[in-house]
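Breakdown of the fold
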Amino acid sequence: MKTLTVGLDVPVGRLFEYLAPAADENDIGKRVIVPFGRRTAVGVVLGIDEPSSFPREKLKTVHCVLREAPGFSADDLRLLRFAAEYYHFPLGPVVMNGLPTRLRRAQAQAASRDVEYVLTDLGRAQSVDALPARARVKRKLLAALLSQTALLASEARELASSAAGALRELEAAQWVERRAATRTARAIAPSAPPELPPLNDDQARAVESIRGALGAFRPFLLCGVTGSGKTEVYLRVADAVLAAGGQVLLLVPEIALTPQLESMVQARFPAAALVSLHSGLNETERMRNWVAAQQGVAQIVLGTRLAVFTPLPRLGLIVVDEEHDASFKQTEGFCYSARDLAVVRASQRGVPIVLGSATPSLESYQNARTGRYVMLELPHRINGRPPRIAYVGVRGTGTSFDGIAPQLLDAIRKCIERREQALVFINRRGYAPVLMCHSCGWLSGCHRCSAQLVVHLPARELHCHHCGHCARVPEACPTCGNADLSPIGQGTQRVEATLNGHFPNARILRIDRDSTRRKNAWSGMRDRIHARDVDILVGTQILAKGHDFPHLALVCVLNADAMLYSSDFRASERLYALLTQVAGRAGRGEAQGEVLIQTEFPEHPLYAALRSQDFGAYAAALLAERESAGFPPFVHQALLRAEAPEVDTALELLAHAKEIGRGLDDGVELYDPVPATMVRLAGRERAQLLVQSESRPRLHAFLSAWRDLLAAEKSSTARWALDVDPLEL
Ligand code: ADP
Ligand code: ZN
Ligand code: ZN
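Calculation notes
- Residues numbered from 1 in each chain as written.
- Chains lettered and ligands numbered in written order.
- Predicted model: local features only at pLDDT ≥ 70, side-chain atom pairs only at ≥ 80, totals over all residues.
- Heavy atoms only, no water.
- Phe/Tyr/Trp six-rings, centres within 6.5 Å; stacked < 30°, edge-to-face > 60°.
- Helix = DSSP H or I, 4+ residues; strand = E, 2+ residues; numbered from the N terminus.
- Buried < 20%, exposed > 50% of the residue type's maximum accessible area, 1.4 Å probe, protein only.
- Lys NZ or Arg CZ within 6 Å of the ring centre and 35° of its normal.
- Axes fitted to C-alpha atoms, helices over the stretch in contact; angles between N-to-C directions.
- Parallel < 35°, antiparallel > 145°, perpendicular 65-115°, else oblique.
- Contact = heavy atoms within 4.5 Å.
- Nonpolar A, V, L, I, M, F, W, Y, C, P; charged D, E, K, R; others polar.
- Donors = N, O, S within 2.8 Å, 3.2 Å for Na, K, Ca; no water.
- Tetrahedral: all angles 85-135°; square planar, octahedral: opposite > 155°, others 65-115°.
- Pairing = 2+ DSSP bridges.
- 1 Å grid on protein atoms, 1.4 Å probe; cavity = no way out; pocket = protein on both sides within 12 Å on 5 of 7 lines; lining within 4 Å.
- Points joined across faces, edges and corners; volume = space filled by probe spheres on them.
- Domains from an automatic or database assignment.
- Salt bridge = Lys/Arg side-chain N within 4 Å of Asp/Glu carboxyl O.
- Near = heavy atom within 4 Å.
- Polar contact = N/O pair within 3.5 Å; in protein donor to acceptor, adjacent residues only side chain to side chain.
- Areas by Shrake-Rupley, 256 points an atom, 1.4 Å probe, with all protein chains shown as cover.
- Sits in = over half its atoms within 2 Å of the grid points.
- Expected span 1.5 Å × (residues − 1).

**Section: the packing of aromatic side chains**
Evaluated as defined, the whole model comprises 16 aromatic pairs. On the basis of an interplanar angle of 90° and a centroid distance of 5.2 Å, the ring pair of tyrosine 365 and phenylalanine 615 is categorised as edge-to-face. Of this pair, tyrosine 365 sits in helix H13 (residues 362-369) while phenylalanine 615 sits in helix H19 (residues 615-629), and the two are 250 residues apart along the sequence. The same class applies to tyrosine 365 and to phenylalanine 615, which are both buried. In this structure an aromatic cluster arises from ring pairing among Phe82, Tyr86, Tyr87, Phe89, Phe309, Phe334 and Tyr336. A cation over a ring is seen here: arginine 526 above tryptophan 522, with NZ or CZ 5.8 Å from the ring centre.

**Quick word on the packing of helix H17 (residues 571-583) against H19**
The geometry of H17 relative to H19 is characterised by a closest axis approach of 11 Å and an angle of 170° between their N-to-C directions. In terms of orientation, H17 and H19 fall into the roughly antiparallel class. Residues Ser572, Glu573 and Tyr576 of H17 touch H19, and the partners they reach there are Phe615, Tyr618, Leu622 and Arg626. Here the contact of H17 with H19 is built from residues that sort into four nonpolar, one polar and two charged.

**Details of the coordination of the zinc ion (ligand 2)**
For the zinc ion (ligand 2), the full set of protein donor atoms is Cys437 (SG), Cys440 (SG), Cys477 (SG) and Cys480 (SG), and the range of their distances to it is 2.3 Å. Between the four donor atoms coordinating the zinc ion (ligand 2), the angles at the centre fall across 105 to 116°, so the site counts as tetrahedral.

**Some points on the sheet that holds strand E12 (residues 274-277)**
If you trace the seven strands from one edge of the open sheet to the other, you get E12-E13-E11-E14-E15-E10-E16, paired in parallel fashion. Unpaired on one side and paired on the other, E12 and strand E16 (374-378) mark the two borders of the sheet. Taking each pair of neighbouring strands and ignoring which way they run, the sheet shows an average axis angle of 20°. The pairing of E12 with strand E13 (residues 300-303) spans four bridges and is classified as parallel. Residue pairing in the sheet places serine 276 in a bridge with leucine 302 of E13. In the packing of H13 onto the sheet, contacts are made with strand E10 (218-224), strand E15 (352-357) and E16, and the angle to E10 comes to roughly 110°.

**Details of the layout of surface pockets**
There is about 960 Å³ of room inside the second largest pocket. Gly229, Thr231, Met264, Asp548 and Arg588 are, among the 38 residues lining the second largest pocket, the residues nearest its centre. Of all the elements in the fold, those that place two or more residues in the lining of the second largest pocket are helix H9 (230-243), helix H10 (258-268) and helix H16 (521-530). With five residues, H10 is the single largest residue contributor to the lining of the second largest pocket. Class assignment for the residues of the lining of the second largest pocket results in 15 nonpolar, eleven polar and twelve charged. Residue contributions to the lining of the second largest pocket reach at least three from each of two domains, namely domain 3 (201-378) and domain 4 (389-431 + 489-617).

**Let's talk about the coordination of the zinc ion (ligand 3)**
When a metal carries six donors in an octahedron, the ideal angles between them are 90 or 180 degrees, while four donors in a tetrahedron ideally lie at 109.5 degrees. Coordination of the zinc ion (ligand 3) by the protein is provided by Cys446 (SG), Cys449 (SG), Cys464 (SG) and Cys467 (SG), with metal-donor distances spanning 2.2 to 2.4 Å. One can describe the donor arrangement at the zinc ion (ligand 3) as tetrahedral, given that its four donor atoms subtend angles of 106 to 114° at the metal. Mapped onto the sequence, the residues coordinating the zinc ion (ligand 3) show the spacing C-x2-C-x14-C-x2-C. Of the two residues, cysteine 446 sits in the loop between strand E19 (434-437) and strand E20 (454-456) while cysteine 467 sits in the loop between strand E21 (461-463) and strand E22 (470-472), which places them 21 residues apart along the sequence.

**A closer look at the pattern of salt bridges**
Applying the stated criterion across every chain yields a total of 43 salt bridges. With a shortest N-O distance of 2.9 Å, glutamate 420 and arginine 418 are connected by a salt bridge. Ionic pairing is found between aspartate 568 and arginine 574, a salt bridge with its closest N-O pair at 3.9 Å. Take aspartate 568: its relative accessible area is 9%, and that puts it in the buried class. Residues joined in a network through salt bridges with shared partners are Asp75, Arg78 and Arg349.

**Things to note about the sheet that holds strand E6 (residues 64-66)**
The strands making up a sheet associate through backbone hydrogen bonding, with each pair oriented either parallel or antiparallel. Read from one edge of the open sheet, six strands run E5-E2-E1-E4-E3-E6, paired in mixed fashion. Looking at which strands have only one partner, the edges of the open sheet turn out to be strand E5 (60-61) and E6.

**Things to note about the site of ligand 1**
As a matter of local geometry, ligand 1 sits amid 16 residues, with Pro198, Gln203, Gly227, Lys230 and Asp548 nearest to it. In this structure, proline 198 approaches ligand 1 through a main-chain N or O atom, which is 2.8 Å from a nitrogen atom. Burial of ligand 1 by the protein amounts to 72% of the accessible area it has alone, namely 560 Å². Using a 2 Å cut-off from the grid points, one finds that ligand 1 occupies the second largest pocket. Grouping the amino acids of the shell around ligand 1 by side-chain chemistry returns five nonpolar, seven polar and four charged.

**A word on helix H12 (residues 338-349)**
Look at H12: 16 Å from first C-alpha to last across twelve residues, which is about the 16 Å you get at 1.5 Å a residue. When H12 is considered as a whole, its buried residues turn out to be Ala338, Arg339, Leu341, Ala342, Val343, Val344, Arg345, Ala346, Gln348 and Arg349. Contact partners of the buried residues in H12: helix H1 (74-86), strand E11 (247-251), strand E14 (315-321), E15 and H13. Looking one or two places after H12, you find glycine 350, whose phi comes out positive at around 65°.

Here's what the structure looks like:
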């Protein structure tokens, strides 16, 4: 009888042991079903016959080891172990988090792989014409089977909805056989690969140096202005990896970007098996795609943050597009950075990684400056025309205009007259950020959060964008009874209404999380934009990233000032990146791109820097500031976050934690506990304690010791969690 060490999805810092009759080394990484308390749980085998302090006779026996089903390889586990250690999060939940939800449940034991049908010798001897004309479905299926080696069940269903019945009959006649799929679904008649544009010199240089690094670990920072053809560089390198039989992992920040990228990549590599992995997929799709990657069937895996853990036995290249994007960092629970783990993964697996951005994070930029990453630059747009940025000062104009300055309206009018498209960017959805009573000053606030409720029309509702709370717009002020309540400020819905007033004949499309919530809504909108069925786009940052709309000439930015002054030292870096992204949507096709930013502070240094579009110079200035102020990337940070029903309880816990931590290592600095910027969230109150050190190893040694001491404390009503390399302070 052997013992297995098992990781389970329970939030404790230890693993569990079970007896297993005929276990061996090969079981490591496999899923197991075990008794846990009164229930049955799924876990992952992490070790066999490891030294233990448990008396053997107290151990329970596993129900079964899922040996035939997909699990993790030693390589996969290496990454997961690293992640658990680095982010100081229990290994069990980290490992389980790496599985698609379906495979975390005890019920779904067998991963249902797609099945495929192939002709038997008997089947191959048949001809379509020998079948009667009325056997339409069978004729279709036979034709498809004769023209290719195998037909997936999902493809058969697309050929004819009654394919399943016909296939059963063909199986009974021993014309076809069924087996586990050896590839993923794709268009049945693959089109020929498109004609490739010749690379420009900068692109050619970048492709050449990355290709030259295939087969070994090497991190590249592809620093390319918007519209400089970064995607083309990724694809050319991917081509070489696929040709050599490798798998490519392509990480992107937003789900909204994946369908578009997916069809573009698929069109480029018509014969390649491509799968995507993001939270927009249902559980079955996600499991199927994960399994396809894990079995080496999928050649290209396109995904958001969580895809960084996807098992890829033949991994040859990792690409992280828009590497500066904050969505690569998980901000709750297991607070990992998918970008940083991608670099670790590339180094563990000995493959190159390309981090691409027009505005890299200062962390990556500094790594490139110091030579840890190879810097590749694409300083010019493909069309040779960077967008022109100008500012429209609106200080002192007060309420004399309805939120959009006359100069902007003018530019929009001219743009439409030229039959080009305009984008009005405002970083807030809904109608107005708050509802106010003019008689007593009441503001619509969320009772569960330190935040205001946003007015949403036409449903006349108030929404909390933080906790999801939703209420009807009240008939009268809840404190004084005054019936005259007004929405204050601008959201996308209000801007849309205003523009409708000014341009009654224009076709206006609002694009935000509300208007794109329905499945496939966004792809319909994208088609309309490309077909020039739209004159004015009103949108949030969903529109800022990565899109290539060739007819978009003008970008107007409304509320950039709201992000200008913030206590977070990363605020400028973030705003510069966001505005560069938004501005980068203008003038990607034939027309010259024009960007108008409405602001009360046209002389602000950030705006001046943005106008010259010289990221290198701006980054150097910010880095100098960070160095003299002792901020990342020159120091390494972690946050201890605490939450409780009352902020005082959270602060007490942190004060105690600081006591415990003091003196563990004098090379690690502990700050005073402070309430979080947004104290209340969903009915809990939050506080945080910052720790930092110039030495990463010392910070981590400290965190390990500190974490163990904290875990040993009897907890009050407060909960705590560590956030390593936090992005928001
Ligand atoms: P980025 O990701 O850097 O913003 P894209 O990769 O989206 O830029 O490229 C911008 C546009 O230029 C796309 O339409 C792309 O197809 C096109 N493009 C890229 N490289 C070339 C090239 N060498 N020649 C012609 N067009 C190109
Ligand atoms: Zn009132
Ligand atoms: Zn709320």
